[in-house]
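Listed here are the chains, written in short residue letters.
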Amino acid sequence: MSGRVLRLVCAAAVVAAGVVVPAGGAARSAPEPTPSAAASALPDASALPEAFAPASEKSVAQLLTELQKLYRSAEKATETYNATAEALKKQTADTRLKNDELSRARLALTGSKAAAGRLARQQYQGESGFDGYVRLLLSPDPQTALDQKHVIGRLARDRMETVGRLTAGEQRADQLARSARQALDKQQVLAGKQKKQRDAVVVKLKAVEKLLASLSATQIAEVARLEQAGADAAQSQFMASGALPGPGGTSTAPSAAGAEAVRWALAQVGKPYGSGARGPKAFDASGLTSAAWERAGVRIPRTGREQWSSLRKVTLRSARPGDVIVYGPDAVHVALYIGAGKVVDAPRPGARVSVGPVAGRQVLGVVRPDPKGAPGAVYEVPGVTTGSTAGVE
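Fair warning: this is a prediction, and the values are worked out from it, not measured in the lab.

About the cut-offs
- Residues numbered from 1 in each chain as written.
- Predicted model: local features only at pLDDT ≥ 70, side-chain atom pairs only at ≥ 80, totals over all residues.
- Heavy atoms only, no water.
- Helix = DSSP H or I, 4+ residues; strand = E, 2+ residues; numbered from the N terminus.
- Buried < 20%, exposed > 50% of the residue type's maximum accessible area, 1.4 Å probe, protein only.
- Contact = heavy atoms within 4.5 Å.
- Areas by Shrake-Rupley, 256 points an atom, 1.4 Å probe, with all protein chains shown as cover.
- Pairing = 2+ DSSP bridges.
- pLDDT = per-residue confidence, 0-100.
- Axes fitted to C-alpha atoms, helices over the stretch in contact; angles between N-to-C directions.
- Parallel < 35°, antiparallel > 145°, perpendicular 65-115°, else oblique.
- Left-handed = near helix turned anticlockwise from the far one by under 90°.
- Nonpolar A, V, L, I, M, F, W, Y, C, P; charged D, E, K, R; others polar.
- Core = buried A, V, L, I, M, F, W, Y, C linked by side-chain atoms within 4.5 Å.
- Salt bridge = Lys/Arg side-chain N within 4 Å of Asp/Glu carboxyl O.

Looking now at the overall build of the protein chain. Counting its secondary structure elements, the protein chain contains nine helices and eight strands. Burial statistics for the protein chain: of 393 residues in total, 46% are counted as buried. Expressed as a percentage of contacts within the protein chain between residues at least 6 apart in sequence, the contacts between residues at least 24 apart total 75%. Total accessible area computed for the protein chain in this model is approximately 19,700 Å², and 56% of it derives from carbon and sulfur atoms.

The following block contains the structure:
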């Protein structure tokens, strides 16, 4: 299928599950509109297209639902791969550290062995100095005997310390060698796991491409229209619910770091989505949020799940620009809130970084990377239209 057609269907916002407002007025997330089990219970994406009826026999709503399942499946696989990639990075650093420690221990051991060798040669050649002192100890002068006893004791201690350093050095080197081997084994296991997960991502992305390739131009246009209509309706309901702070979803000013994260993320608008990428040429969802906050001087976890589990959770009513909006129910998608009900997002495979509605997906919650950052005095929501792809060639 042509790149133009693929971009057409991928560029539309994902249909939202919307927000349900109960009688008390508090906003809560509603389940995503999938007719079957959750994405986590889906069969392998490589088998999904074969299980579907021919595209010509399905309604537009059915086609959209299938596409959404495939996108979620691919995104979950990408997040799993990202988590393993981060673990591999840390393990590689740990392996390097242990190897450096082992090298230093072996160097120190070489010095201890050299000192022990000198002692052995002196003993063999009768140059230890003890014979002369023994003769002096037999002297009738008690003071001389006491002085020489002190010297002999010091020499003995020196020799014992040399042997002790050699023994401790050998034990330390053995321990570090075992630790380095274990670290390398873990690194190799993670590398193999990473490759398998990367292959799984590729398989799932091919399943998406296969389904898209089976659609006609008319079906693609209808799917895109239905998708956009659903996103618009969900956003309208979300904003009317008063879930976000201020009239019309305006927000308090961000912290200095939050403002920088927003500014930098908006500068990436138009760059392509890339599974496992965090810049500078492409991004996936959590890659964009983590890179934006890193540019602002705050390191946050790489994956959406880790961002949700480790960062400070705040309510929707207190959301401010720079906060990370987490989408669920499995927290595999995230976006950066910019105010006025909008987020900057790397939506999914085939799309580009763009500004979209905060309710483009089922909102799980909000996390704040810099909870101690004081909000600024003034903030003007960037004048970027929803769905903007400025910079696209």
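By the alternation rule, side chains of strand β4 (residues 324–327) split into Val324 and Val326 and Ile325 and Tyr327, which are all buried. Count of turn residues in the β4/strand β5 (residues 333–339) antiparallel hairpin: five residues, of which Ala331 carries a positive phi of about 60 degrees. Where β4 and strand β8 (residues 363–368) come together, four bridges link them in antiparallel fashion. By the bridge assignment, Val324 is partnered in β8 with Val367.

The next subject is the environment of Leu102. Within the secondary structure, Leu102 is located in helix α3 (residues 60–124). Judged by relative accessible area, which is 8%, Leu102 ranks as buried. Measuring from C-alpha to C-alpha, the distance between Leu102 and Ala173 comes to 6.2 Å, with 71 residues separating the pair along the chain. Filtering out sequence-adjacent residues up to four positions away, Leu102 remains in contact with Ala173, Leu176, Ala177 and Ala180.

What follows deals with the confidence of the model for the protein chain. Mean pLDDT for the protein chain: 74, with 66% of residues reaching 70 or above. In this model residues 1–52 is a low-confidence stretch, pLDDT under 50, and it forms 106 contacts with partners more than four residues away in sequence or in other chains. Here residues 388–393 is a poorly scored stretch, pLDDT under 50, and it has eleven contacts once near neighbours within four places are set aside; other chains count.

Strand direction decides the pairing type here: β5 and strand β6 (residues 342–345), joined by three bridges, are antiparallel. Its bridge partner being in β6, Leu336 is matched across the sheet by Val344. Hairpin geometry of β5 and β6 is characterised by an intervening segment of two residues between the two adjacent antiparallel strands and by a positive phi of about 55 degrees at Ala340.

The subject of this paragraph is the sheet that holds strand β3 (residues 312–314). On the basis of which strands lie adjacent, the open sheet formed by six strands has the order β3-β8-β4-β5-β6-β7 and antiparallel pairing. The sheet is open, and its two edges are formed by β3 and β7 (354–357), each paired on a single side. The average undirected angle you get between the axes of adjacent strands in this sheet is 40 degrees.

On to the packing of helix α7 (residues 256–266) against helix α8 (residues 285–295), then. The contact between α7 and α8 brings their axes to 8 Å, and the two run at 125 degrees. Regarding the angle of α7 to α8, the classification is oblique. The element α7 and its partner α8 pack so that their crossing is right-handed. Contact residues: α7 offers Ala257, Gly258, Glu260, Ala261, Trp264 and Ala265, while α8 offers Leu288, Ala291, Ala292, Trp293 and Arg295. For the contact of α7 with α8, the per-class residue count stands at eight nonpolar, one polar and two charged.

Right, let's get into unusual backbone geometry. The omega angle of the peptide bond from Gly279 to Pro280 is 0 degrees, so this bond is cis rather than trans. With respect to the helices and strands, the residue Pro280 is situated in the loop between α7 and α8. The phi angle at Ala340 is positive, at roughly 55 degrees, despite the residue not being glycine. For Ala340, the position within the fold is in the loop between β5 and β6. The exposure class of Ala340 is partly exposed, given its relative accessible area of 25%.

By size, the foremost hydrophobic cluster in this structure holds 29 residues, and its most contacted members are Leu266, Phe283, Trp293, Val324, Leu336, Val344 and Val353. Counting residues per element, the ones that place at least two in this core are α7, α8, β4 and β5. It is α7 that contributes the most residues to this core, six residues altogether. If near-sequence neighbours (up to four positions away) are discounted, Val344 is found in contact with Ala265, Leu266, Val269, Leu288, Ala335, Leu336, Ile338, Val353, Ser354 and Val355.

As a further point, take the pattern of salt bridges. A full pass over the atoms with the stated rule returns twelve salt bridges. The closest approach of N and O atoms between Glu75 and Arg361, which form a salt bridge, is 3.2 Å. Of this pair, Glu75 sits in helix α3 while Arg361 sits in the loop between β7 and β8; the two residues are 286 residues apart in sequence, bridging distant segments of the chain. Considered together, Glu75 and Arg361 belong to a single accessibility category, that of buried residues. It is possible to trace a salt-bridge network through shared partners that takes in Arg278, Glu294 and Arg299.

Right, let's get into α7. Every buried residue belonging to α7 is among Ala257, Gly258, Ala261, Val262, Trp264, Ala265 and Leu266, and all of these are buried. Against α8, β5, β6 and β7 lie the buried residues of α7.

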